[in-house]
Amino acid sequence: MTETPDAYPPSPEFAAAANVDAGVYERAAQDREGFWAEQADHLHWRRRWNQVLDWSEAPVAKWFVGGRLNVAYNCVDRHVLEGRGDKVALHWEGEPGDSRTITYADLLTEVGRAANYLTSLGLTAGDRVAIYMPMIPETIVAMLACARLGLTHSLVFAGFSPTALRQRIDDAEARLVITTDGQWRRGNPAPLKEAVDEALFAHGDVPSSVEHVLVVRRVGIEVAWTEGRDLWWHETVAQTEPAHEAEAFDSEHPLFILYTSGTTGKPKGILHTSGGYLTQTAYTHRVVFDHKPETDIYWCTADVGWVTGHSYIVYGPLANGATQVLYEGTPNFPDEHRHWQIIEKYGVTIYYTAPTLVRTFMKWGRQIPDAHDLSSIRVLGSVGEPINPEAWRWYRDVIGGGTAPIVDTWWQTETGAIMISPLPGITATKPGAAMTPLPGISATVVDEEGNTVRRGETEANGYLVLDEPWPAMLRGIWGDMERYRATYWERFAAQGWYFAGDGAKLDVNGDLWVLGRVDDVMNVSGHRISTAEVESALVGHSGVAEAAVVGATDETTGQGIVAFVILSADATDTGAAMVKELEAEVAREISPIARPREIHVVPELPKTRSGKIMRRLLRDVAEGRELGDTSTLVDPQVFENIRTGRSE
Ligand code: WT7
């Protein structure tokens, strides 16, 4: 692309009423630390910081050094004390059609009860708590109760397998697991506590760090019970006194660990702390969505088990006193109208979702949203993967009434908060571009050697790097600081830059386009899955000798998982049944979201002379392209064999 792409400036009315004006970029650039101090001043600090940033122990940052605050107090108490107790915090929609309205005063009561009860269990600041729950209000209450006590929570997405849960419990040495009896899945109750039992017992009876399992009753199914260990929420937390005084913690006190996929099979426990994280999530929620607490009804459709849910359902919006929608179920239960009905019912003004869902809505047809009054919507958000221009335009026209600005927000579990995004009252947005680092954030696009890629050099795509520390940045990988340095800081060690793992380019105007991962991490429906993780699940099956996995372009999910496997001599079956069995094995071992789209049984895999699998070539095969450079292959003939294997 050499010409300037079409751009959509905000309407003059939107721009005039926006939370920030165009001068903000300049002001932030002139005094970055002063700018962040101003943002931190939107929070309540028990003790003010004496230094904005301490980068002397890079790459581990300290933000708002010496400051003390309580994150839950900022998200709940403050609003009640300032007279906003009756304001609705959550309009919760259950999947079966039940609903609950939870005000900030209600939230304070519930969080207070939970905090008192967790204290009575002997948990103290610094202990880890695993939370394995669906999208219900108690999940947010549990997170806030942990934050209030200085307990470090670790959410595990409720679609993850018992194996994945156990791995995360063990790595964080969690003392408590909070879960539910089950979760609603398209009208049917599916067990969840059962998976916790399996995680805790089924590992050759190796004892875990877990002392108690606290269970919220959600679906009313029978559950197995371990006396002394298991506790019902309604018999304990719900019976506890609500009055609880929040203690302030250091700005750098650990707030949560969230596991994400890296390039090896072992997930990384991304560690986030308190003051800087809350500052940046609240700031970005305020400016990127132009959030107005008095009038907006905000809805982020992510699951709380992912970082988007942490930062843009829980911490950012609640710190800003938002009124938001929380929806438990899938977008097509009982039918494809569900999201639009919810938007109509509550008058949603800000809607934040993922490109994969936009493409799914497109497939279902515009007659579905067209049957609803979506005129309340004034800002649309996108996150998780690059949004293709066609989906972008559809989103703006059909959901945004042809006028709502789209904020395409680039960030990662590691960055903690949005980093690159248009500002809806300022930016002339372009379909598919994340556009500009936010005021206070610095990012650049560089080549292999770290030279800045100039604007308009669109053929010479580069790497996205973050060249200045930011408040919500991760503070490390739990239990493995060496891996932290190696993963993010080694690639451009000389310059001291953070390597994001994404490819990017700058267009002729200098606007930034994120192009997707450049490492062995796949992005399937906005979920991050490493090729190594899926490979290890495959070779864990006795019928598989070797496996190579690639992400291939997929019209709906962004990427689809394509696996090439060599069967072992033990394989009982070599045909379709084996493929089905292997697909099921991956879903069981990791999660249904990791189930391969295709598995090809092949006689051999393409390798370099040093024995490295050439994924690039496998991707060519998976995407049906002409093969790229095969000159470093040991045996170019393998492709003939793979292709013949494939066409069987
Ligand atoms: C990876 C991070 C951040 C919350 C959800 C995913 C990709 C994310 C965008 C975007 C292009 C994007 C990147 C990134 N990504 N947002 N707006 N445009 N790519 O968090 O699981 O940590 O994944 O998602 O590849 O590195 P995550």
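Nothing here was measured: the structure is a model prediction, and the numbers come from that model.

(A) Seen up close, the overall build of the chain. In terms of helices and strands, the chain carries 19 helices and 30 strands. Viewed in the frame of its principal axes, the chain has a C-alpha envelope of about 75 × 65 × 55 Å. For the chain, the residues scored as buried account for 61% of the 648 residues in total. With the model as given, the accessible surface of the chain reaches about 24,200 Å², and the carbon-plus-sulfur share is 49%. Within the chain, one finds 58 positive and 89 negative side-chain charges whose respective centroids are separated by 2 Å.

(B) Seen up close, the site of the ligand. In the neighbourhood of the ligand, 17 residues make up the surrounding shell, with Asp408, Thr413, Asp502, Arg517 and Arg528 lying closest. With respect to the ligand, the side chain of Gln412 contributes an N or O atom lying 2.9 Å from an oxygen atom. Take Arg528: an N or O atom from its side chain is 2.8 Å from an oxygen atom of the ligand. Coverage of the ligand by the protein amounts to 95% of the 560 Å² it exposes when considered alone. Mapped by element, the contributors of at least two residues to the shell around the ligand are α10 (307-319), β20 (406-409) and β25 (512-517).

(C) Just the pattern of salt bridges, in detail. Evaluated as defined, the whole model comprises 42 salt bridges. Between Asp171 and Lys266 there is a salt bridge, with the nearest N and O atoms lying 3.1 Å from each other. Placement of Asp171 in helix α7 (residues 162-172) and of Lys266 in the loop between β14 (254-260) and β15 (268-273) is noted, with a sequence separation of 95 residues between them. Among the charged side chains, a network of salt bridges with common partners joins Lys193, Asp197, Arg229 and Asp230.

(D) How the structure looks around the side chain of Asn70. With respect to the secondary-structure elements, Asn70 resides in the loop between β3 (68-69) and α4 (71-84). Here Asn70 falls in the buried class, since its relative accessible area comes to 3%. Separated by 2.9 Å, the side chain of Asn70 and the backbone nitrogen of Ala72 make a polar contact. At 2.9 Å, the side chain of Asn70 forms a polar contact with the backbone oxygen of Arg148.

(E) The side chain of Ser154, seen in detail. Looking at the element boundaries, Ser154 is found in strand β7 (residues 152-155). Classification of Ser154 by relative accessible area gives buried; the value is 3%. With residues up to four places along the chain from it excluded, the contact list for Ser154 reads Val129, Ala130, Ile131, Ile257 and Tyr259.

(F) Highlighting the UniProt feature "binding site: CoA" (unreviewed entry) in the chain. The positions that UniProt labels "binding site: CoA" (unreviewed entry) are, in the present scheme, Arg185, Arg186, Gly187, Asn188, Thr308, Asn332 and Ser525. Spatial dispersion of the annotated residues is evident: they stretch over 341 residues in sequence, and the largest pairwise C-alpha distance comes to 26.2 Å. None of the other annotated residues line the second largest pocket; only Arg185 do. With respect to the secondary-structure elements, Gly187 resides in the loop between β9 (182-185) and β10 (188-191). We classify Gly187 as partly exposed; its relative accessible area is 33%.

(G) How the structure looks around the sheet that holds β15. Pairing in this open sheet of 8 strands is mixed, and the strands run β12-β11-β8-β6-β7-β14-β15-β23 from one edge to the other. Both outer strands of the open sheet, β12 (230-232) and β23 (476-477), are each paired with one neighbouring strand and no more. When strand β6 (residues 128-132) meets β7, the two strands line up parallel, connected through 4 bridges. What sits directly across from Val129, in β7, is His153. Strands in contact with α7 are β6, β8 (176-180) and β14; relative to β14, the strand with the most contacts, it is inclined by about 140°.

(H) Layout of helix α6 (residues 137-149). Helix length check: α6 (13 residues) gives 19 Å between terminal C-alpha atoms against 18 Å at 1.5 Å per residue, within 8%. Judged by how many residues are buried, α6 sits mostly within the fold: 13 of 13 residues are covered.

(I) Fine view of the environment of Ser274. Within the secondary structure, Ser274 is located in the loop between β15 and α9 (275-288). Remark: the alpha-carbon pair of Ser274 and Trp63, spanning 211 residues in sequence, is separated by 9.2 Å. If near-sequence neighbours (up to four positions away) are discounted, Ser274 is found in contact with Leu69, Val71, Asp250, Ser251, His253 and Leu255. Side-chain polar atoms of Ser274 contact the backbone oxygen of His253, separated by 2.7 Å.

(J) Spotlight on empty space enclosed by the protein. Counted according to the given criterion, the structure contains 4 cavities of 30 Å³ or more. Space inside the largest cavity adds up to approximately 50 Å³. Taken together, Leu69, Asn70, Val71, Ala147, Gly150, Leu151, Phe249, His253, Pro254, Leu255 and Ser274 make up the full set of residues lining the largest cavity. Its residues assigned to classes, the lining of the largest cavity shows 7 nonpolar, 4 polar and no charged.

(K) Local environment of the packing of aromatic side chains. In total, this model carries 35 aromatic pairs according to the counting rule given. Relative to Phe64, the ring of Trp49 has its centre 5.0 Å away and its plane inclined at 65°; by these criteria the two rings are edge-to-face. In this pair, Trp49 sits in the loop between α3 (32-40) and β1 (51-54) while Phe64 sits in strand β2 (residues 62-65), placing the two residues 15 residues apart along the sequence. With respect to burial, Trp49 and Phe64 carry one shared label: buried. For the ring pair Phe256 and Tyr277, a centre distance of 5.1 Å and an interplane angle of 80° mean the geometry is edge-to-face. With Phe256 in strand β14 and Tyr277 in helix α9, this pair connects stretches of sequence that are 21 residues apart. The exposure classification of Phe256 matches that of Tyr277, with both residues buried.

(L) Highlighting the pairing of β8. With 5 of 5 residues buried, β8 is to be regarded as a mostly interior element. Residue alternation in β8 divides its side chains into two sets, Leu176, Ile178 and Thr180 and Val177 and Thr179, and both sets are buried. Of the strand pairs in this sheet, β6 and β8 are connected by 4 bridges, and their pairing is parallel. For Val129, the partnering residue across the bridge sits in β8 and is Leu176. Taken together, the 5 bridges between β8 and strand β11 (residues 212-216) define a ladder with parallel strand orientation. Across the sheet, the residue bridging to Leu176 is His212, located in β11.

Calculation criteria
Starting afresh in each chain, residues are numbered from 1 along the sequence in its written order. Given that the model is predicted, a residue must reach a pLDDT of at least 70 before its local features are reported, and side-chain atom pairs must reach 80 or more before they are shown or counted; all residues, however, enter totals for whole chains, interfaces and linings. Water and hydrogen atoms play no part in the side-chain values, which are based on all heavy atoms of the structure. In DSSP terms, a helix is any run of H or I states spanning at least four residues, a strand is any run of E spanning at least two, and both are numbered starting from the N terminus. Here's how the labels work: a residue is buried when its accessible area is under 20% of the maximum for its type, exposed when over 50%, partly exposed in between, all with a 1.4 Å probe on protein chains only. In short, Shrake-Rupley with a 1.4 Å probe defines the accessible areas, and a residue's cover is counted only from the protein chains shown. In this charge count, Lys and Arg are treated as positive and Asp and Glu as negative; neither His nor the chain ends contribute. One atom stands in for each charge, and that atom is NZ of Lys, CZ of Arg, CG of Asp or CD of Glu. Near residues are defined by distance, with any heavy atom within 4 Å of the molecule or strand qualifying the residue. Whenever a nitrogen or oxygen atom comes within 3.5 Å of another N or O atom, the pair is scored as a polar contact, on the condition that within protein one atom can donate a hydrogen and the other can accept it, and that pairs from neighbouring residues in sequence are kept only if both atoms are in side chains. Salt bridges are defined as contacts in which a side-chain nitrogen from Lys or Arg sits within 4 Å of a carboxyl oxygen from Asp or Glu. Whether two residues are in contact is decided by their heavy atoms, any of which lying within 4.5 Å being enough. UniProt positions are given in the numbering used here, feature names are shortened, and annotations may be inferred rather than shown by experiment. Both site types are read off a 1 Å grid over the protein atoms alone. A 1.4 Å probe that fits but cannot get out defines a cavity, while an open set with protein on both sides within 12 Å along at least five of seven lines defines a pocket; lining residues have an atom within 4 Å of a point. Only strands that DSSP links by at least two bridges are regarded as paired with each other. Lines fitted to C-alpha atoms define the axes here, with helix axes fitted over just the stretch in contact, and angles between the N-to-C directions of these axes take values from 0 to 180 degrees. Each helix should span, by expectation, one fewer than its residue count multiplied by 1.5 Å. Grid points are joined across faces, edges and corners, and a volume is the space filled by probe spheres set on the points. Here the term charged refers only to Asp, Glu, Lys and Arg, the term nonpolar to Ala, Val, Leu, Ile, Met, Phe, Trp, Tyr, Cys and Pro, and the term polar to all other amino acids, Gly among them. Between the rings of Phe, Tyr and Trp (Trp by its six-membered ring), a pair exists once the centres lie within 6.5 Å; its type follows the angle of the planes, with under 30 degrees stacked, over 60 edge-to-face, and the other angles tilted.

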